[in-house]
Amino acid sequence: MSNDALDPVAATAEYGLPDPSDIMAIDSLLTSDELSLRQRIRDFTDQQIRPDIADWYDRGIFPLHIAAQLGELGVLGMHLEGYGCPGRSAVEYGLAAMELEAGDSGIRTFVSVQGSLAMSAIHKWGSEDQKQEWLPRMAAGEAIGCFALTEPSAGSDPSAMTTTARRDGSGEDAGWILDGAKRWIGLASIADVMVVWARTDDGVRGFLVPAGTAGVTAIPIGRKLSMRASIQCDITFDDVRLGPDALLPGARGLSGPFSCLNEARYGIAWGAMGAARDCYEAALKYAMERLQFGRPLGGYQLTQEKLVNMLVEIQKGTMLALQLGRLKDSRALRPEQISLAKLNNVREAIKVAREARTILGGNGITLDYSPLRHAANLESVRTYEGTDEIHLLILGQHLTGISAFR
Ligand code: TGC
């Protein structure tokens, strides 16, 4: 984490006039290093994502070429230390997620799946050999990872998973045989390595399955109305033979995958505010340019109310994300805090996106404008990494001490 002192005056001089939409001067809470990093990612989004995102979305393709660009940008496994990973702070990672999701949730999802899920699992729970083999290439975007937890019949309740790994032989050299199915797994069809969670005699364990392993099939899920510039797959494992070194030695039980979900949910709390900000900015621009009844839409009280309500939620949600990041950087972050921020920020971002679309009128239903694309994406974001209902119940359990799950 950068140690430079907070100096909003110097930062303003370096990065231009304060943003008029930053009413609460949130930028003044960021260090000059953080502002500089944010600007670098914002420039990347403007140059490499914005010009093509509507086309990628329309055609339903994930732009694989940006993996190496994102590696070079230093956002893959951004918060991880060593093994070629950038070792940046939690706040810096959050700012990057925000800027990338201002481009598209599918691009931020790629960064989350690669860094927060697959790389985090290997970094937290892998052997030294596994870390050396995969992390440097994954940080560079030269190898892609995925994280296979969810199953066709086990979404919110991963403890109901039916994918199994059983010993193939006996003794220390015994490998594993993997059988089962996973669903909604981001990047699986292009992954060089899958992190797969399976039930064993010893509880839930994690396994690394390299691309090309016999018996593994990953098929992208089609006909999606959301996350169209992104890949989610069905995977089947049919009598898949793995060596003994496929096991992630450090992870035992569901706390293994759940600790990785914490990382991804953290990034989402930031990213959703990026999508919301992009919607707000599109609506504000349109409202100032579009004349109806002889004056800009922005001159009507009803439009001003919409714009103000959007901005209020974006400012609140961004401050929430920043507090989350500061807690994470001070190693004081707790899962219920992540749940509160993920729940609030995605819920509010969807409302902002839908409200922004109303200002754009009929033009807002085309891919020429971002809000409806963001709104559709955010339906997925609201569902994955814990639905609204799951996060409400995690918070309910925290407040009452009573689990409503079982
Ligand atoms: P529970 O009994 O509460 O806990 C089991 C073990 O896990 C520990 N634990 C956690 N550890 C770290 N961080 C957390 N947030 C944790 N929450 C629980 C817990 O201490 C316990 O450890 P131990 O050592 O005692 O065994 O488990 P439960 O089954 O009752 O869980 C309840 C619940 C609902 C909170 C949990 O199931 C949950 O979070 N469900 C939502 C699952 C979810 O978010 N799924 C999305 C997965 S992401 C995905 O599949 C694809 S999206 C990305 C892509 O595009 O690929």
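Predicted model only: the values in this text are computed from it and were never measured.

*Asks:* For the site of the ligand, give the residues involved together with the corresponding values.
*Replies:* Looking at the ligand, there are 25 residues lining it, with Thr150, Ser156, Gly186, Arg265 and Arg406 nearest. Taking Gly186, its main chain carries an N or O atom lying 2.8 Å from an oxygen atom of the ligand. One of the side-chain N or O atoms of Arg265 is found 2.8 Å from an oxygen atom in the ligand. Protein chains bury 71% of the 1100 Å² of accessible surface belonging to the ligand in isolation. Here the ligand occupies the largest pocket. Put simply, the parts of the chain that give the shell around the ligand at least two residues each are helix 6 (105-125), strand 3 (175-186), helix 8 (255-289) and helix 12 (388-400).

*Asks:* Any details on the packing of helix 10 (residues 335-360) against helix 11 (residues 371-383)? Residues and values, ideally.
*Replies:* Where helix 10 meets helix 11, the axes come as close as 8 Å, and the angle between the chain directions of the two elements is 155°. Looking at the two axes, helix 10 sits roughly antiparallel to helix 11. Read as a crossing pair, helix 10 and helix 11 show a hand that is left-handed. In this structure, helix 10 contributes Lys342, Val346, Arg347, Ala349, Ile350, Ala353, Arg354, Ala356, Arg357 and Leu360 to the contact, and helix 11 contributes Pro371, Leu372, His374, Ala375, Leu378, Glu379, Val381 and Arg382. A per-class count over the contact of helix 10 with helix 11 returns 11 nonpolar, 1 polar and 6 charged.

*Asks:* Report on the pattern of salt bridges, specifying residues and quantitative values.
*Replies:* Scanning the entire structure with this criterion turns up 27 salt bridges. Here Asp157 and Arg406 are joined by a salt bridge, their closest N and O atoms 3.6 Å apart. Of this pair, Asp157 sits in the loop between strand 1 (145-148) and strand 2 (164-168) while Arg406 is found in the segment after helix 12, placing the two residues 249 residues apart along the sequence. Residue Asp157 is classed as partly exposed on the basis of its relative accessible area of 32%. A salt bridge links Glu379 to Arg354, with the nearest nitrogen and oxygen atoms 2.4 Å apart. In this pair, Glu379 sits in helix 11 while Arg354 sits in helix 10, placing the two residues 25 residues apart along the sequence. Residue classification places Glu379 among the partly exposed positions, given a relative accessible area of 33%. Connected through shared salt-bridge partners, Arg42, Glu99, Arg277 and Glu281 make up one network.

*Asks:* Explain the domain arrangement of the protein residue by residue, including any values.
*Replies:* By the assigned domains, the protein splits into domain 1 (15-139), domain 2 (145-253) and domain 3 (256-400). Using C-alpha coordinates to define each centre, domain 2 is positioned 31 Å away from domain 3. Contact residues are listed per partner, giving 11 residues for domain 2 and 12 residues for domain 3. Here domain 2 meets domain 3 over a buried area of about 830 Å², counting both sides, of which 72% is carbon and sulfur. Our count for the contact surface shared by domain 2 and domain 3 stands at 4 residue pairs in polar contact (both at pLDDT 80 or more). Broken down by class, the residue content of the side of domain 2 that touches domain 3 amounts to 7 nonpolar, 3 polar and 1 charged.

*Asks:* A description of the pairing of strand 7 (residues 232-242) should follow, citing residues and the corresponding values.
*Replies:* Note: strand 3 against strand 7, 9 bridges, orientation antiparallel. Its bridge partner being in strand 7, Gly186 is matched across the sheet by Gln232. Sheet topology places strand 6 (residues 216-220) next to strand 7; 5 bridges connect them, and they run antiparallel. In the strand pairing of strand 7, Ile219 is matched with Asp234.

*Asks:* Could you give an account of helix 9 (residues 301-329), with specific residues and numbers?
*Replies:* For helix 9, which comprises 29 residues, the first-to-last C-alpha distance of 42 Å matches the rise-based estimate of 42 Å (1.5 Å per residue) to within 8%. A positive backbone phi angle near 60° is found at Arg331, which sits one or two residues after helix 9.

*Asks:* How would you sum up the environment of Val312? Please name residues and give values.
*Replies:* If you trace the backbone, Val312 turns up in helix 9. The class of Val312 is partly exposed, set by a relative accessible area of 38%. With 276 residues separating them along the chain, Val312 and Ser36 place their C-alpha atoms 25 Å apart.

*Asks:* An account of the side chain of Gln114 is needed here, citing residue identities and associated values.
*Replies:* Looking at where Gln114 falls in the secondary structure, it is placed in helix 6. Within the local environment of Gln114, its side chain forms a polar contact with the backbone oxygen of Ala143, the two atoms lying 2.8 Å apart.

*Asks:* So what's going on with the nonpolar core? Residues and values would help.
*Replies:* Residues Leu70, Val75 and Trp197 are the most contacted members of the largest nonpolar core, which totals 114 residues. Among the elements that line this core, the one with the most residues is helix 8, at 16 residues. Residues in contact with Leu70, not counting those within four places in the same chain, are Phe44, Val75, Leu76, Leu100, Ile107, Phe110 and Val111.

*Asks:* For the layout of surface pockets, give the residues involved together with the corresponding values.
*Replies:* In this structure, the largest pocket encloses a volume near 1200 Å³. Lining the largest pocket are 41 residues, with Thr150, Gly155, Tyr384, Glu385 and Gly386 sitting closest to its centre. For the lining of the largest pocket, the elements supplying multiple residues, two or more each, are helix 6, strand 3, helix 8, helix 10, helix 11 and helix 12. Ranked by residue count, the leading element in the lining of the largest pocket is helix 6, at 5 residues. When the residues that make up the lining of the largest pocket are grouped by side-chain class, the tally is 17 nonpolar, 17 polar and 7 charged.

About the criteria used
Residues numbered from 1 in each chain as written. Predicted model: local features only at pLDDT ≥ 70, side-chain atom pairs only at ≥ 80, totals over all residues. Heavy atoms only, no water. Near = heavy atom within 4 Å. Polar contact = N/O pair within 3.5 Å; in protein donor to acceptor, adjacent residues only side chain to side chain. Areas by Shrake-Rupley, 256 points an atom, 1.4 Å probe, with all protein chains shown as cover. 1 Å grid on protein atoms, 1.4 Å probe; cavity = no way out; pocket = protein on both sides within 12 Å on 5 of 7 lines; lining within 4 Å. Sits in = over half its atoms within 2 Å of the grid points. Helix = DSSP H or I, 4+ residues; strand = E, 2+ residues; numbered from the N terminus. Axes fitted to C-alpha atoms, helices over the stretch in contact; angles between N-to-C directions. Parallel < 35°, antiparallel > 145°, perpendicular 65-115°, else oblique. Left-handed = near helix turned anticlockwise from the far one by under 90°. Contact = heavy atoms within 4.5 Å. Nonpolar A, V, L, I, M, F, W, Y, C, P; charged D, E, K, R; others polar. Salt bridge = Lys/Arg side-chain N within 4 Å of Asp/Glu carboxyl O. Buried < 20%, exposed > 50% of the residue type's maximum accessible area, 1.4 Å probe, protein only. Domains from an automatic or database assignment. Buried area = accessible area lost by both parts, 1.4 Å probe. Pairing = 2+ DSSP bridges. Expected span 1.5 Å × (residues − 1). Core = buried A, V, L, I, M, F, W, Y, C linked by side-chain atoms within 4.5 Å. Points joined across faces, edges and corners; volume = space filled by probe spheres on them.

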